[in-house]
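Architecture at a glance
What follows is each chain in one-letter form.
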Amino acid sequence: PKTDSLEVTFVKADGQKVKARCKEGDSLLDVVVNNELDISGYGACEGTLTCSTCHVILSKEDYDRIPSKPLDDENDMLDLAFELTETSRLGCQIVMTKELNGLEVRLPSSVNDARG
Ligand code: FES
């Protein structure tokens, strides 16, 4: 079996850092779910691109090196995200690779569930 060889750090709005292990091919939503991370409201639509609660904020450098660029559906949903920034992505659309090992993402201070 594949081991969870990669690491991701989620930085909560209050500055608390939460480290999690994952494997290649896991989305950041998978990482949160598989590690049972306690992030309020995160991933409400289970990766179906209808909620924007999986919003994460990247450094410019990391934003530029994520291999999967945002598609229209993601951008439409991001427009509804709380505290949208220039380097925001949806965590369910970021897939972990070896190159992204050690990735650190910030979480906004609240979530906006676009499903109303
Ligand atoms: Fe809902 Fe990502 S989990 S858009």
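What follows deals with the overall build of the protein. The helix and strand inventory of the protein stands at three helices and five strands. Reading the protein from its N terminus to its C terminus gives the helix and strand order β-β-α-β-α-α-β-β. The principal-axis extent of the C-alpha atoms belonging to the protein is close to 40 × 25 × 25 Å. Taking all 116 residues of the protein together, the buried fraction comes to 41%. Total accessible area on the protein stands at roughly 6,400 Å², and carbon and sulfur atoms take up 47% of it. Seen as two clouds, the 13 positive and the 22 negative side-chain charges of the protein have centres 6 Å apart.

Our next topic: the confidence of the model for the protein. In the predicted model, the protein carries a mean pLDDT of 94, and 98% of its residues have values of at least 70. Scored as a complex, the prediction yields pTM 0.94 and ipTM 0.99.

Applying the stated criterion to the full structure yields nine salt bridges. In this structure, lysine 19 engages glutamate 7 in a salt bridge whose closest nitrogen and oxygen atoms are separated by 3.8 Å. One end of the pair, lysine 19, is in strand β2 (residues 17-22); the other, glutamate 7, is in strand β1 (residues 6-11), with 12 residues separating them in the sequence. Overall, the relative accessible area of 55% leaves lysine 19 in the exposed class. Among the ionic pairs, arginine 21 bridges to glutamate 7, the shortest N-O distance being 3.4 Å. Here glutamate 7 lies in strand β1 and arginine 21 lies in strand β2, a separation of 14 residues in the sequence.

Reading the values: rules and limits
Residues numbered from 1 in each chain as written. Predicted model: local features only at pLDDT ≥ 70, side-chain atom pairs only at ≥ 80, totals over all residues. Heavy atoms only, no water. Helix = DSSP H or I, 4+ residues; strand = E, 2+ residues; numbered from the N terminus. Buried < 20%, exposed > 50% of the residue type's maximum accessible area, 1.4 Å probe, protein only. Areas by Shrake-Rupley, 256 points an atom, 1.4 Å probe, with all protein chains shown as cover. Lys, Arg positive; Asp, Glu negative; His and termini not counted. Charge placed at Lys NZ, Arg CZ, Asp CG, Glu CD. pLDDT = per-residue confidence, 0-100. Salt bridge = Lys/Arg side-chain N within 4 Å of Asp/Glu carboxyl O.

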